[in-house]
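# Residue-level structural notes
Each chain is listed here by its residues.
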Amino acid sequence: NREAVSDQSMVAFQWASGPPQDEILTKVFRKPAGRFRIPPHDSHCRMEDAYYFEKDVVIEAIRPHFHLRGKTYRLERIERNSESDEIVKRETILSVPVFDPAWQRTYELATPFVLPAGTELLATAVFDNSSLNPNNPDPSKELFWGQQITDEMFSTRFKYRMPDKHAQGEP
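### Observations concerning the overall build of the protein
Broken down by element type, the protein carries zero helices and 10 strands. Secondary structure of the protein in N-to-C order comes out as β-β-β-β-β-β-β-β-β-β. Against the globule reference of 16 Å for 171 residues, the protein gives a C-alpha radius of gyration of 21 Å, more extended than a compact globule. Based on the C-alpha atoms only, the size of the protein along its principal axes is roughly 70 × 60 × 30 Å. Taking all 171 residues of the protein together, 36% fall into the buried category. Here the analysis covers contacts within the protein between residues at least 6 apart in sequence; of these, 79% occur between residues at least 24 apart. In the structure as shown, the protein presents an accessible area of about 11,500 Å², 48% of it carried by carbon and sulfur atoms.

Set out below in structure tokens:
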């Protein structure tokens, strides 16, 4: 029962008077498919993934992403001694102790922070692939990275901008 209809769509543009003051960028990091496996019936499968930015950035927002078996998420900033590679500072930036797939939240930071180039961000995820997880369609399935909701994912999206050089005293 398809019937032709008329539509008079409209669009309006407003041109900016100059370049934007801050350009907000997005970068998505995800655990690669070849390094992603969740065993059947595992109620506490832990995975880690590290993220690096090649230049100084200001992190504005963080969005963890799983499908149906994500249980917890934590993101830490790690600073290492450049000579010994030992951790000298470890700070939790975001902790999601109970992840709910119905609420895929973007966490807009009240106070954005500068991330110096090369600083390590360590994401830790815990998955529940057991029958105790009410969202799990098949606890007997071994899971791999995939686009389908019945597969699983572990990714982090960052909204960021470049630091304001003038605010830092640079010309």
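Next, the rest of the story.
### Here we look at the pairing of strand β4 (residues 57–65)
The element β4 is largely enclosed, with a buried count of seven among its nine residues. Taken together, the five bridges between β4 and strand β7 (residues 107–115) define a ladder with antiparallel strand orientation. Of the residues in β7, the one forming a bridge with valine 58 is valine 114. Strand direction decides the pairing type here: β4 and strand β10 (residues 155–161), joined by seven bridges, are antiparallel. Within β10, the residue paired with alanine 61 across the bridge is lysine 159.

### As for the environment of glycine 70
Relative to the helices and strands, glycine 70 resides in strand β5 (residues 70–80). Glycine 70 sits in the buried class, given a relative accessible area of 8%. Distance from glycine 70 to aspartate 128, taken between C-alpha atoms, is 6.4 Å for residues 58 residues apart in sequence. Residues within four places of glycine 70 in sequence aside, it is in contact with Phe99, Val126, Phe127 and Glu152.

### A word on a nonpolar patch on the surface
On the surface, a cluster of nonpolar side chains totalling about 480 Å² of accessible area is made up of Val11, Phe13 and Trp15. By the element assignment, valine 11 lies in the segment before β1 (25–30).

### So, the nonpolar core
Phe53, Ile59, Tyr73, Leu75, Phe127, Phe154 and Phe158 are the most contacted members of the largest nonpolar core, which totals 28 residues. Broken down by secondary-structure element, the contributors of at least two residues to this core are β3 (45–51), β4, β5, β6 (87–96), β7, β8 (120–127) and β10. Looking at which element gives the most residues to this core, the answer is β8, with four residues.

### A word on the sheet that holds β1
Two strands in a sheet stick together by hydrogen bonds in their backbones, pointing the same way (parallel) or opposite ways (antiparallel). With respect to topology, four strands assemble into an open sheet ordered β1-β10-β4-β7, the strand pairing being antiparallel. Two strands lie at the open edges of the sheet, namely β1 and β7, each paired on one side alone. Strand-to-strand twist across the sheet, computed as the mean angle between neighbouring axes with direction ignored, equals 30°.

### Considerations on the confidence of the model for the protein
Of all residues in the protein, 94% attain a pLDDT of 70 or more, and the chain-wide mean is 88. Note that pLDDT drops below 50 for residues 166–171; the model gives that stretch three contacts with residues more than four away or on any other chain.

### Quick look at the sheet that holds β8
Strand order in the open sheet formed by four strands is β3-β8-β5-β6, with antiparallel pairing between adjacent strands. Unpaired on one side and paired on the other, β3 and β6 mark the two borders of the sheet. Sheet twist, expressed as the mean angle between neighbouring strand axes with direction ignored, is 20°. In this sheet, β8 lies alongside β5 in antiparallel orientation, the contact comprising eight bridges. Residue pairing for β8: glutamate 76 is matched across the bridge by leucine 122.

About the thresholds
Residues numbered from 1 in each chain as written. Predicted model: local features only at pLDDT ≥ 70, side-chain atom pairs only at ≥ 80, totals over all residues. Heavy atoms only, no water. Helix = DSSP H or I, 4+ residues; strand = E, 2+ residues; numbered from the N terminus. Rg over C-alpha atoms; globule rule 2.2 N^0.38 Å. Buried < 20%, exposed > 50% of the residue type's maximum accessible area, 1.4 Å probe, protein only. Contact = heavy atoms within 4.5 Å. Areas by Shrake-Rupley, 256 points an atom, 1.4 Å probe, with all protein chains shown as cover. Pairing = 2+ DSSP bridges. Patch = residues over 30% accessible without salt bridge, like charges linked within 9 Å, V, L, I, M, F, W, Y side chains within 5 Å. Salt bridge = Lys/Arg side-chain N within 4 Å of Asp/Glu carboxyl O. Core = buried A, V, L, I, M, F, W, Y, C linked by side-chain atoms within 4.5 Å. Axes fitted to C-alpha atoms, helices over the stretch in contact; angles between N-to-C directions. pLDDT = per-residue confidence, 0-100.

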